[in-house]
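Working through the structure, step by step
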Amino acid sequence: MRTEVAIVGGGPAGLLLAHLLHQAGVATVVLEQRSREAVEHTIRAGVLEQGTVDLLGATGLGERLSRDGVVHHGIELRFGGRGHRIPLSELTGGRAITLYPQHEVLRDLISARLVAGGPLLFGARVTHLDNSPGRLPRLRYEQQGIETTLNCDFVVGCDGFHSIVRSAIPQRREFQTTYPFAWYGILQEGPPLAPELIYTHHARGFALASTRTPSLQRLYLQCPPDTQSEDWSDAHIRHELGLRLATADGAPITCCGKIIQKDVVAMRSFVCETMRHGRLLLAGDAAHIVPPTGAKGMNLALNDIRLLAPALVSAVRHGDDQLLQQYPADSLVRIWRAQRFSGWMTRLLHQMEDADPYQQRLQQTELERLVSSRAAALALAEEYVG
Ligand code: DHB
């Protein structure tokens, strides 16, 4: 088999790339290891930056998003038992975030791909990637026990943190750090706890109240990094949510709906700066991971594609690889900015196990400054809306 661009990974990055390349008349094959069912139903983040909404809209993917996405103009920071609103839109000249779950973005992308009729292979596992110098790349994949060889002009790894494409790049420049905690996430039936997201700093650990639909809520609690989803009972989760989200004025917290899903979200920061190696390219989680605080992951992945798609079109159609050469440097500006922001938000809001009393006072001071200085709030808002 032969194609122009082989895309490994059918997540948001891989599928948006396939969509944009198709619109420009470039042939692609998308190989996704998981089943369509698993891709469309795995619960991930749900916050889209303004730029991401604009990008999806401009490429014809905005219909359900503009109908079902919920625009939020602020967030709440809660600490010391008090809530403080950060008015995102007021601070940023009208920019906002949109709550629209990642698996809905994926459903939109998958239907666009099916309408376009381009190959999107589920349950397809790459078994070998041959990138010998002086020849075009070639990969082998296995689907339902059958091995197929795919020859192509370019291979793009959109295959997540455990990327097989990244592992085929020798001598990579990589940076990473880990955090001594994770997030315990739940999906709970019932109405939103509040009209906007609540990010809470509490002595027992961070908590975040987010939302998915008017009748389904997404909540997270800081937990030890080795926690398994079975470890916490519903009663324990409710108890922790009640304590961490409590306010001094006693506004009631409605945390009693049925819990229908529990999962643990790992925290790490990672950047592979070698996002291009000849005809191999990386995008999204294959090249960079941020801790979830601030919800930058999918936004960053889609931004990579915004830059990579025209670069690949120019290389495939006109044999001009100047944009491709520039792609890592162009992408890394935004990637490092999001690394800084996500790491800062994480350290700002979590209980840092190794923090001494001096560092705890600094953390407190930073929180108070954010809610008392317009300049500090603006700096947060600007990065948060993207
Ligand atoms: C969600 C996730 C985040 O990491 C965040 O900062 C806000 C919301 C979410 O899953 O809804």
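Since the structure is predicted, the reported quantities are computational estimates derived from the model, not experimental observations.

Basis of the calculations
- Residues numbered from 1 in each chain as written.
- Predicted model: local features only at pLDDT ≥ 70, side-chain atom pairs only at ≥ 80, totals over all residues.
- Heavy atoms only, no water.
- Core = buried A, V, L, I, M, F, W, Y, C linked by side-chain atoms within 4.5 Å.
- Buried < 20%, exposed > 50% of the residue type's maximum accessible area, 1.4 Å probe, protein only.
- Helix = DSSP H or I, 4+ residues; strand = E, 2+ residues; numbered from the N terminus.
- Axes fitted to C-alpha atoms, helices over the stretch in contact; angles between N-to-C directions.
- Parallel < 35°, antiparallel > 145°, perpendicular 65-115°, else oblique.
- Left-handed = near helix turned anticlockwise from the far one by under 90°.
- Contact = heavy atoms within 4.5 Å.
- Domains from an automatic or database assignment.
- Buried area = accessible area lost by both parts, 1.4 Å probe.
- Salt bridge = Lys/Arg side-chain N within 4 Å of Asp/Glu carboxyl O.
- Polar contact = N/O pair within 3.5 Å; in protein donor to acceptor, adjacent residues only side chain to side chain.
- Near = heavy atom within 4 Å.
- Areas by Shrake-Rupley, 256 points an atom, 1.4 Å probe, with all protein chains shown as cover.
- Nonpolar A, V, L, I, M, F, W, Y, C, P; charged D, E, K, R; others polar.
- Pairing = 2+ DSSP bridges.

**A closer look at the nonpolar core**
Grouped together as the largest cluster of nonpolar side chains are 73 residues, with contacts concentrated most on Leu139, Leu308 and Leu312. In terms of residues, this core owes the most to one element, helix H9 (residues 297-318), which gives twelve residues. Leu99, Met267, Leu370 and Ala376 belong to the second-largest nonpolar core, a separate cluster that totals 34 residues.

**Re the packing of helix H3 (residues 50-58) against H9**
When two helices pack together, their arrangement is captured by the angle between the axes and the distance separating the axes. Where H3 contacts H9, the two axes come as close as 10 Å, and the packing angle between them is 50°. By the angle between their axes, H3 is oblique relative to H9. The handedness of the crossing between H3 and H9 is left-handed. Residues Thr52, Leu55 and Leu56 of H3 lie in contact with H9, whose contacting residues are Asn299, Leu302 and Arg306.

**A few points about the domain arrangement of the protein**
Along its sequence, the protein is carved into domain 1 (2-46 + 101-173 + 273-344) and domain 2 (179-267 + 353-385). In this structure, domain 1 and domain 2 have C-alpha centres spaced 31 Å apart. Taken together, the contact between domain 1 and domain 2 spans 15 residues of the former and 19 residues of the latter. Summing both sides of the interface, domain 1 and domain 2 together bury roughly 1,300 Å²; the carbon and sulfur share of this comes to 62%. If you sort the residues of domain 1 by the area they bury against domain 2, Ile43, Pro292 and Trp344 come out on top, with a joint share of 37%. Summed over the shared surface of domain 1 and domain 2, the result is one salt bridge. Residue Arg337 is joined to Glu383 by a salt bridge in which the shortest nitrogen-to-oxygen separation is 2.8 Å. Taken together, the connections running from domain 1 to domain 2 amount to five residue pairs in polar contact (both at pLDDT 80 or more).

**Section: the site of the ligand**
Of all residues adjacent to the ligand, which total 15 residues, the nearest are Tyr199, Ser210, Arg212, Tyr220 and Pro292. At a separation of 2.7 Å, an oxygen atom of the ligand approaches a polar side-chain atom of Arg212. For the ligand, whose unbound accessible area comes to 290 Å², protein coverage reaches 99%. Those elements giving two or more residues to the shell around the ligand turn out to be strand S15 (207-213) and strand S16 (216-223). Here the shell around the ligand gets three residues from one element, more than from any other, and that element is S15. Partitioning the shell around the ligand into residue classes produces nine nonpolar, four polar and two charged. Formed jointly, the shell around the ligand draws a minimum of three residues from each of two domains, domain 1 (2-46 + 101-173 + 273-344) and domain 2 (179-267 + 353-385).

**A few points about the sheet that holds strand S4 (residues 70-72)**
With respect to topology, three strands assemble into an open sheet ordered S3-S7-S4, the strand pairing being antiparallel. Each edge of the open sheet carries a strand with a single partner, namely strand S3 (47-48) and S4.

**Re the environment of Thr92**
Inspection of the secondary structure puts Thr92 in the loop between helix H5 (88-91) and strand S7 (97-99). Note on Thr92: relative accessible area 16%, which makes it buried. For the pair Thr92 and Ala379, spaced 287 residues apart in sequence, the C-alpha to C-alpha distance is 9.5 Å. With sequence-adjacent residues up to four places away left out, Thr92 is seen in contact with Ala381, Glu382 and Val385. Within polar-contact distance, the side chain of Thr92 engages the backbone nitrogen of Arg95 at 3.4 Å.

**Description of the sheet that holds strand S18 (residues 268-272)**
Ordered by their spatial adjacency, three strands build an open sheet running S12-S18-S21, and the pairing between neighbours is antiparallel. This sheet does not close on itself; its edge strands, each paired only once, are strand S12 (174-178) and strand S21 (288-289). Here S18 runs beside S21; their pairing, made up of two bridges, is antiparallel. By the bridge assignment for S21, Val271 is matched with His288. The strands touched by helix H10 (residues 322-349) within the sheet are S12, S18 and S21, with S18 carrying the most contacts at an inclination of about 165°.

**Overview of the side chain of Glu4**
Within the secondary structure layout, Glu4 lies in strand S1 (residues 2-8). Among the polar contacts made by the side chain of Glu4, one reaches the main-chain amide nitrogen of Ala27 at a distance of 2.8 Å. Setting aside residues no more than four positions away along its own chain, Glu4 makes contact with Gly25, Val26, Ala27, Cys152, Asp153, Phe154, Val316 and Arg317.

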